[in-house]
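This is what each chain is made of:
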Amino acid sequence: MKIDSVRALYFTGAGTTKTVAQAFCKAIEAPFKLVDATPRSCELDAARPGELLVCAVPSYGGRVPAPFLERLASMGRASEPVPAVMLVTYGNRAVDDTFIELADALDAQGIVPVGGAAVVAHHSLMTNVAEGRPDAQDLAAVEQLAQRVRAALEAAPCVEDARLAQVPGAWPYRAYDGVPFHPVCQADRCVQCGACAALCPVGAIDPEHPEDTDEERCISCMRCVAACHRGAREIGGGLKLAVARKAFALKCAKRCESYLL
């Protein structure tokens with residue numbers, strides 16, 4: 001089957017997941033478009049025949065970020081089966097049920113998973129873990145996936161013939177209730193530009209009062225921290241966060257590798 005274009009939907013906090021999506025698109029050698037599906041205002045068109053959809057997400061506690069699943073569900077079902085690649089970034093621990101949850105969401109939209117990769121990336125919350133990742137070795141795995149997917153699609157008479165034989169994960173999905181640490185604002189640095197509110201995926205920041213964060217909505221994705229050019233936002237938690245980072249780093253001390261499905 002022939003693919004005439006690639007559309008990569010990425011959900012990212014600090015930007016590493018976008019880097020992975022872009023590396024895949026460049027390696028597959030087809031016209032591509034990168035779409036930031038992180039902001040709450042993002043609207044996505046239904047997948048169309050002839051395109052390869054790339055879904056790039058971080059693993060949050062072994063699950064797909066809930067806002068990304070909402071974006072997929074709002075796309076509308078594809079008129080005919082469309083192939084998709086799943087790129088999951090993770091902070092040197094594990095992806096748990098992220099792949100199977102994402103594959104289920106794609107199938108519900110008439111989109112067929114044909115390939116995937118788990119890619120180690122700098123942890124956006126536990127920032128002392130997986131520093132410098134994805135590195136050249138990680139991105140080489142992404143490029144290998146692009147070549148593999150391209151060959152599989154060219155050899156397949158139809159999309160279903162290229163479907164992944166197995167997707168890792170289990171039902172019911174792993175329980176995940178978020179983390180107890182959330183971004184806070186240093187009011188003396190905030191100029192109320194609204195960048196953090198505009199890019200927040202869940203509407204946890206009031207544009208009129210960006211110094212406040214609704215912790216009930218916040219998913220601690222760190223997008224607002226990365227978006228603030230004044231350095232007015234940072235993750236809160238103090239000593240508890242420092243202790244959590246140290247414990248997580250010890251748990252994830254052994255280097256994990258990126259791998260293909």
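For the structure itself, look to the data block above.
Just so it is clear, the structure is predicted and the values come from calculations on it, not from any experiment.

Chemist: Describe the overall build of the chain, with residues and values.
Modeler: When helices and strands are tallied, the chain shows 7 helices and 8 strands. Principal-axis analysis of the C-alpha atoms gives the chain an extent of 60 × 40 × 35 Å. Residues classed as buried in the chain amount to 49% of the 261 residues present. For the chain, contacts bridging at least 24 residues in sequence account for 82% of all contacts bridging at least 6. On the chain, roughly 12200 Å² of surface is accessible, and the fraction owed to carbon and sulfur atoms is 51%. Here the chain carries 27 positive and 31 negative side-chain charges, and the mean point of each set is 4 Å from the other.

Chemist: Could you give an account of the pairing of strand 2 (residues 32-36), naming the residues involved and the relevant values?
Modeler: Across 5 bridges, strand 1 (residues 5-10) lies against strand 2 in parallel orientation. By the bridge assignment, Ala8 is partnered in strand 2 with Leu34. Of the crossover connections in this fold, the one passing from strand 1 over helix 1 (residues 16-28) to the parallel strand 2 is right-handed.

Chemist: For the packing of helix 2 (residues 66-74) against helix 3 (residues 98-108), give the residues involved together with the corresponding values.
Modeler: Helix-helix packing is characterised by the crossing angle of the two axes and by the distance between the axes. Closest axis-to-axis distance for the helix 2/helix 3 pair is 9 Å, and the angle between their directions is 15°. It follows from the interaxial angle that helix 2 and helix 3 lie roughly parallel. Of the two possible hands of crossing, helix 2 and helix 3 adopt the one that is right-handed. Where helix 2 approaches helix 3, its residues Phe68, Leu69 and Leu72 are matched on the opposing element by Glu101, Leu102, Ala105 and Leu106. Per-class residue counts for the contact of helix 2 with helix 3 are 6 nonpolar, no polar and 1 charged.

Chemist: Kindly report on the environment of Val149, identifying the contributing residues and their values.
Modeler: Topologically, Val149 is positioned in helix 4 (residues 136-155). Since its relative accessible area comes to 2%, Val149 is described here as buried. Placed 34 residues apart in sequence, Val149 and Gly115 show a C-alpha to C-alpha distance of 6.3 Å. Every residue in contact with Val149, bar those within four places of it in the chain, is listed here: Ile28, Leu52, Val85, Val114 and Gly115.

Chemist: So what's going on with the sheet that holds strand 4 (residues 82-90)? Residues and values would help.
Modeler: With mixed pairing, 6 strands are arranged side by side in an open sheet as 2-1-3-4-5-8. On the outer flanks of this sheet lie strand 2 and strand 8 (259-260), each paired with one strand and no other. When strand 3 (residues 51-58) meets strand 4, the two strands line up parallel, connected through 6 bridges. For Pro58, the partnering residue across the bridge sits in strand 4 and is Thr89.

Chemist: Can you explain the nonpolar core? Please cite residues and give values.
Modeler: Of all hydrophobic cores here, the largest spans 42 residues; its most connected members are Leu9, Phe68, Leu72, Leu102 and Leu106. Within the residue set of this core, elements represented by two or more residues are strand 3, helix 2, strand 4, helix 3, strand 5 (111-120) and helix 7 (238-251). Once residues within four sequence positions are removed from consideration, Leu106 is found in contact with Cys55, Leu72, Ala84, Met86, Ile111 and Pro113. Counting residues in hydrophobic clusters, the runner-up holds 28 residues, among them Val85, Val114, Leu145 and Ala162.

Chemist: Before we move on, could you go through the packing of helix 1 against helix 4 and cite the residues and values that matter?
Modeler: With their axes 8 Å apart at the nearest point, helix 1 and helix 4 run at an angle of 45° to one another. Judged on the interaxial angle alone, helix 4 and helix 1 are oblique. At the point where helix 1 passes helix 4, the crossing takes the right-handed sense. Each of Val20, Ala23, Phe24, Ala27 and Ile28 in helix 1 lies in contact with helix 4, whose residues at this interface are Leu139, Val142, Glu143, Leu145, Ala146, Val149 and Arg150. Grouping the amino acids of the contact of helix 1 with helix 4 by side-chain chemistry returns 10 nonpolar, no polar and 2 charged.

Chemist: Lay out helix 4 with the relevant residues and their values.
Modeler: The α-helix advances 3.6 residues per turn, and as a result positions three or four apart in sequence lie on the same side. If you check helix 4, its first and last C-alpha atoms are 29 Å apart, about what 20 residues at 1.5 Å a residue would give, namely 28 Å. Taken residue by residue, helix 4 has Asp138, Ala141, Val142, Leu145, Ala146, Val149 and Leu153 as its buried positions. Around the axis of helix 4, the buried residues are gathered within 150° of arc, so they sit on the same side. Of the exposed residues in helix 4, those oriented more than 90 degrees away from the buried face are Ala136, Gln147, Glu154 and Ala155.

Chemist: Talk me through the pairing of strand 3; I want residue IDs and the actual numbers.
Modeler: Extensive coverage of strand 3 is indicated by the burial of 8 of its 8 residues. Both faces of strand 3 are covered, namely the face carrying Glu51, Leu53, Cys55 and Val57 and the face carrying Leu52, Val54, Ala56 and Pro58. The handedness of the strand 3 to strand 4 crossover, carried by helix 2, is right-handed.

Chemist: Explain the side chain of Gln109 to me, and be specific about the residues and the numbers.
Modeler: When you line up the elements, Gln109 lands in the loop between helix 3 and strand 5. A distance of 3.3 Å separates the side chain of Gln109 from the backbone oxygen of Gly76, its partner in a polar contact. The contacts of Gln109, once residues within four sequence positions are left out, are Leu72, Ala73, Met75, Gly76, Arg77 and Ala78.

The rules behind the values
Residues numbered from 1 in each chain as written. Predicted model: local features only at pLDDT ≥ 70, side-chain atom pairs only at ≥ 80, totals over all residues. Heavy atoms only, no water. Helix = DSSP H or I, 4+ residues; strand = E, 2+ residues; numbered from the N terminus. Buried < 20%, exposed > 50% of the residue type's maximum accessible area, 1.4 Å probe, protein only. Contact = heavy atoms within 4.5 Å. Areas by Shrake-Rupley, 256 points an atom, 1.4 Å probe, with all protein chains shown as cover. Lys, Arg positive; Asp, Glu negative; His and termini not counted. Charge placed at Lys NZ, Arg CZ, Asp CG, Glu CD. Pairing = 2+ DSSP bridges. Right-handed = clockwise from strand over helix to strand, strands pointing away. Axes fitted to C-alpha atoms, helices over the stretch in contact; angles between N-to-C directions. Parallel < 35°, antiparallel > 145°, perpendicular 65-115°, else oblique. Left-handed = near helix turned anticlockwise from the far one by under 90°. Nonpolar A, V, L, I, M, F, W, Y, C, P; charged D, E, K, R; others polar. Core = buried A, V, L, I, M, F, W, Y, C linked by side-chain atoms within 4.5 Å. Expected span 1.5 Å × (residues − 1). Arc of directions from axis to C-beta. Polar contact = N/O pair within 3.5 Å; in protein donor to acceptor, adjacent residues only side chain to side chain.

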